[in-house]
Each structure stands twice: as C-alpha cells, then as structure tokens.
Amino acid sequence: MTQYRASKRIMSNNNPILIIDDDEQLVEMLAEVLRLEGYPILTAHDGLSGLEMLKEHPETDAVILDVMMPGIDGFETLQRLRRVSTVPVIMLTARGESEDRILGLEHGADDYLPKPFKPRELVLRLELISRRRRTPSEHTPLSWHGLTLDLSSLSARLNDQPLALTGAEFRILEYLLRDPGQVCGRDALSQFALGRRPSPYDRALDTHISNLRHKLGGKNGQIVIKSIRGAGYTLLLQSDDT
C-alpha cells in the first residue's frame, strides 16, 4: 500500500467497522487505513463468516461488503443481514457494473463504491454515516398521516406497524417529511441522505426512492413519493396525487 496519511480528525468512535471481502490483500489495506483514522476493525473473508461476526458484534457501526465472494455472494449476504440488522452497508462493486450497484441498493445497501476507489473516499463515506447516526437533527418525532419517524432511535412506523428502513431511506423520508407537499431538489436530497451530490449517471437516489415507494405500499399506499420532472421529489397523499 502506498503511504496513507490519516486525516487530522481522528474519529472518537469506539464501535467497529466490519469489512467482508475475500480479497485478503485489499482487506488488509483497508483495515490499515481505517485503523489510522481511529476505527476499530473486524474482518471476514466470506459472507457466512461476516454474518457470524456481525451477530457477535451487534454494536458494529457500518459494514463494507464486497459483491463477488465465494459461497454466498454479497447480495445474498446483504439479504440475510437485513433480516436481523439495520446497520449501514457500503457495497464494493466492480467498475462499470451499474446493475450490481442498483441491485445492491435494492437489496438494502445504503451506498456503494466502484472498484478501484481511493481510500480517502471510503473514509469520507464512513464519516458521513457515523455523523448521521450519532447526531439526529432533533429528538421530536416527525409524524404525518400515519407515518412516524423517531429521530432519536432512528426507527419508523407506518399505521402503527414497524417500517424497516435502511439508513439512507430513513434520511430521505426525514428530509421529505419535514416539508410534505413541497418539492425537494435532487441535489439537496442526495446531499442530505447520501452525503454527496448525484453525478449525471448516479442512480443511487432513484433506487432508494423506488424502494421507499414499495415499502410505503406502492400504488395502494396512502402516502406517495412523487417525481417532479426536472425538479425533484415531493411527499403527497394518494388522494392528492392526481
């Protein structure tokens, strides 16, 4: 690994980051970089070992998960993980494999990084995730027509039933729910939820929105997320979306 210089802002977080990747050399490099940034590190080289590691360490702050692995691949690992945990997941995908990125987001990943990537970009993504999980905007729940977001526990309910959301999905709903009926621009929404502005071919925000629509009940749901062409998204009641 070329010499890596840690940022001046060493993280004070004591919760570990779990890296799941069969590329032992890459895992070693990422672990070294993240330790320099102050992160405790857990590692696994296949999906089943990674799931077992997460079970033993439920306090894990985030998971870095590779797509291509022997045994169960990253997508299957992510599906099993999401049955028991809402921990943020960043998937590592092959350069140019846009279908892998979209599939990962559809399976519940919070973000993705195409290989090869710069370690600094991964560190910044993790810092954003850590900051969002630890500093909710306020503690007063947001409620609107049966949809409630508890910002202190990062949990959601729809018509008194638990609503399972990824971290990115929660942040998207939080942003929209602060001003329902008003159009929220794509750039601002992506910056708030994902920590970056979308590039011209970045479909992460759109995929998260699609997943949210399904979780809100799709065409039969009371609450809808409407796309405003050339502007962004808005939260509406089904009766208003005419």
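Residues numbered from 1 in each chain as written. Predicted model: local features only at pLDDT ≥ 70, side-chain atom pairs only at ≥ 80, totals over all residues. Heavy atoms only, no water.

**Regarding the packing of helix 6 (residues 167-177) against helix 7 (residues 186-194)**
Direction vectors running N to C along helix 6 and helix 7 enclose 135 degrees, while the axes themselves pass 8 Å from each other. Accordingly, the angle class assigned to the pair helix 6 and helix 7 is oblique. Of the two elements, helix 6 crosses helix 7, and the hand of that crossing is right-handed. Facing helix 6, whose interface residues are Ala 168, Arg 171, Ile 172, Glu 174, Tyr 175 and Leu 176, helix 7 presents Ala 188, Leu 189, Phe 192, Ala 193 and Leu 194. (Axes fitted to C-alpha atoms, helices over the stretch in contact; angles between N-to-C directions. Helix = DSSP H or I, 4+ residues; strand = E, 2+ residues; numbered from the N terminus. Parallel < 35°, antiparallel > 145°, perpendicular 65-115°, else oblique. Left-handed = near helix turned anticlockwise from the far one by under 90°. Contact = heavy atoms within 4.5 Å.)

**Topic: the confidence of the model for the protein chain**
On average, residues of the protein chain score 86 in pLDDT, and 89% of them are at 70 or above. Residue range residues 8-12 is modelled with pLDDT below 50. Its contacts to residues more than four positions away, or to other chains, number eleven contacts. (pLDDT = per-residue confidence, 0-100.)

**As for helix 8 (residues 204-215)**
With twelve residues, helix 8 should cover 16 Å at 1.5 Å per step; its first-to-last C-alpha distance of 17 Å lies within 8% of that length. Buried within helix 8 are the following residues: Ala 204, Leu 205, Asp 206, Thr 207, His 208, Ile 209, Asn 211 and Leu 212. In this structure, the buried side of helix 8 is in contact with helix 4 (98-106), strand 5 (111-115), helix 6, helix 7, strand 11 (223-228) and strand 12 (232-237). Looking one or two residues past helix 8, Gly 217 carries a phi angle of roughly 110 degrees, positive in sign. (Expected span 1.5 Å × (residues − 1). Buried < 20%, exposed > 50% of the residue type's maximum accessible area, 1.4 Å probe, protein only.)

**What about the sheet that holds strand 10 (residues 184-185)?**
Strands sit in the order 10-12-11 across an open sheet of three strands; the sheet is antiparallel. Each edge of the sheet is formed by a strand with only one pairing partner; in this case those strands are strand 10 and strand 11. Inspection of the sheet shows strand 10 paired to strand 12 by two bridges, in the antiparallel sense. Looking at strand 12, one finds that Gly 185 is bridged to Gly 232. Where helix 6 meets the sheet, its contacts fall on strand 10, strand 11 and strand 12, and the angle it forms with strand 12 comes to roughly 70 degrees. Against the sheet, helix 8 touches strand 11 and strand 12, its axis set at about 150 degrees to strand 11. (Pairing = 2+ DSSP bridges.)

**Some remarks on the packing of aromatic side chains**
Counted under the stated rule, the structure contains one aromatic pair. Taking the centre distance of 5.1 Å and the plane angle of 45 degrees together, the rings of Tyr 175 and Phe 192 count as tilted. Residue Tyr 175 is found in helix 6, and its partner Phe 192 is found in helix 7; the two are separated by 17 residues along the sequence. Positioned over the ring face of Phe 192 is Arg 171, at 3.9 Å from the centre of the ring. Across the ring face of Tyr 112, the terminal group of Arg 196 is positioned such that the distance to the ring centre comes to 5.8 Å. (Phe/Tyr/Trp six-rings, centres within 6.5 Å; stacked < 30°, edge-to-face > 60°. Lys NZ or Arg CZ within 6 Å of the ring centre and 35° of its normal.)

**Brief notes about the pairing of strand 12**
Within strand 12, six of the six residues are buried, which leaves the element mostly enclosed by the surrounding structure. With antiparallel pairing between neighbouring strands as the criterion, strand 11 and strand 12 make up a hairpin whose turn holds three residues, including Gly 230 at a positive phi of roughly 75 degrees.

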